Amino acid sequence: MAKRDVDLVVISDVHLGTYGCHAAELLKYLKSIRPKTIILNGDIIDIWQFSKNYWPETHMKVVRKIMKFIGEGVAVHYLTGNHDEMLRKFADMSMGTFQLQNKLVLNLDGRNAWFFHGDIFDVTMQHSKWLAKLGAVGYDSLILINSFVNWLLKLAGREKMSFSKKIKARFKDAVKFINDFETTAAGLAVESGYDYVVCGHIHQPEQRLIKTDKGSVTYLNSGDWVENLTALEYHAQSWRIFRYNADDFSADEPEDGAFSDAEDLKSKLDVNILLQKMRSEIV
């Protein structure tokens, strides 16, 4: 598969370190593009759930691939989310082409784009963080059960299903939360004079123009790599939602030579040390 040139890629809600993360699929996607800039818009590493020590090799390969992009001079902006909020104490740190931030504004062909994760709009996060963390554990368990059910459905020759999507669709409060989230983000962006507002957090990929009584703004959400397997791409002055389709990729992607054996070991040790430090700070 030939690599595609992309000016800007936005990825969020990968949740590395959880059972629901589709790291292998994300790795195939990352290997299929040549981006100029990457924005990791929150919840890339799920620090909340590190205590269960779940960190497969595919999750490490995603980290190594991002490190390879940085080594090649690709601008990588890591914007913090709620599941990796511990990193917020290190905001504004930069190393080479890598920057750790809480929010970001970029000028894209004369238009201003505002990027942030979006958990600031979540009342549960602001006032009942313990409840949000409990919900995250339940959500990860639901995804794990869903994976087993889908495995059975595949054996039976039936289509896969998403428990969480069905639950969201059935409960009016969930639909209302998503709508309120989008209109709140759009309203703030219009008041601040931005042309685009780009979020993550709600695992709901979206691209649409939202009009308010003060103006209009293009609202975008990069979705996630747990349920939807989506990213946002900006290229040739145009946005689009990328949706992963297994048929577009070969079953076994060859290694792209990101590191030599010696470099691989060193980079792996460095990342593991970082992960250990994160685990030690979890309350």
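Keep in mind that what you see is a predicted model, and the values were worked out from it rather than measured.

All right, on to the pattern of salt bridges then. Tallying each qualifying case throughout the model produces nine salt bridges. Across the pair Lys 36 and Asp 7 runs a salt bridge, and its minimum N-O distance is 3.5 Å. In this pair, Lys 36 sits in strand S2 (residues 33-41) while Asp 7 sits in strand S1 (residues 4-11), placing the two residues 29 residues apart along the sequence. Given a relative accessible area of 58%, Lys 36 falls into the exposed group. A salt bridge links Lys 214 to Glu 191; the shortest N-O distance between them is 3.5 Å. Of the two residues, Lys 214 sits in the loop between strand S9 (206-212) and strand S10 (215-221) while Glu 191 sits in helix H6 (residues 172-191), which places them 23 residues apart along the sequence.

Inspection of the secondary structure assignment puts Asp 119 in the loop between strand S7 (111-116) and helix H3 (123-127). At 2.9 Å, the side chain of Asp 119 and the side chain of Arg 88 are in polar contact.

Scoring rules and cut-offs
- Residues numbered from 1 in each chain as written.
- Predicted model: local features only at pLDDT ≥ 70, side-chain atom pairs only at ≥ 80, totals over all residues.
- Heavy atoms only, no water.
- Salt bridge = Lys/Arg side-chain N within 4 Å of Asp/Glu carboxyl O.
- Helix = DSSP H or I, 4+ residues; strand = E, 2+ residues; numbered from the N terminus.
- Buried < 20%, exposed > 50% of the residue type's maximum accessible area, 1.4 Å probe, protein only.
- Polar contact = N/O pair within 3.5 Å; in protein donor to acceptor, adjacent residues only side chain to side chain.

These values are about where atoms sit, not about what they do.
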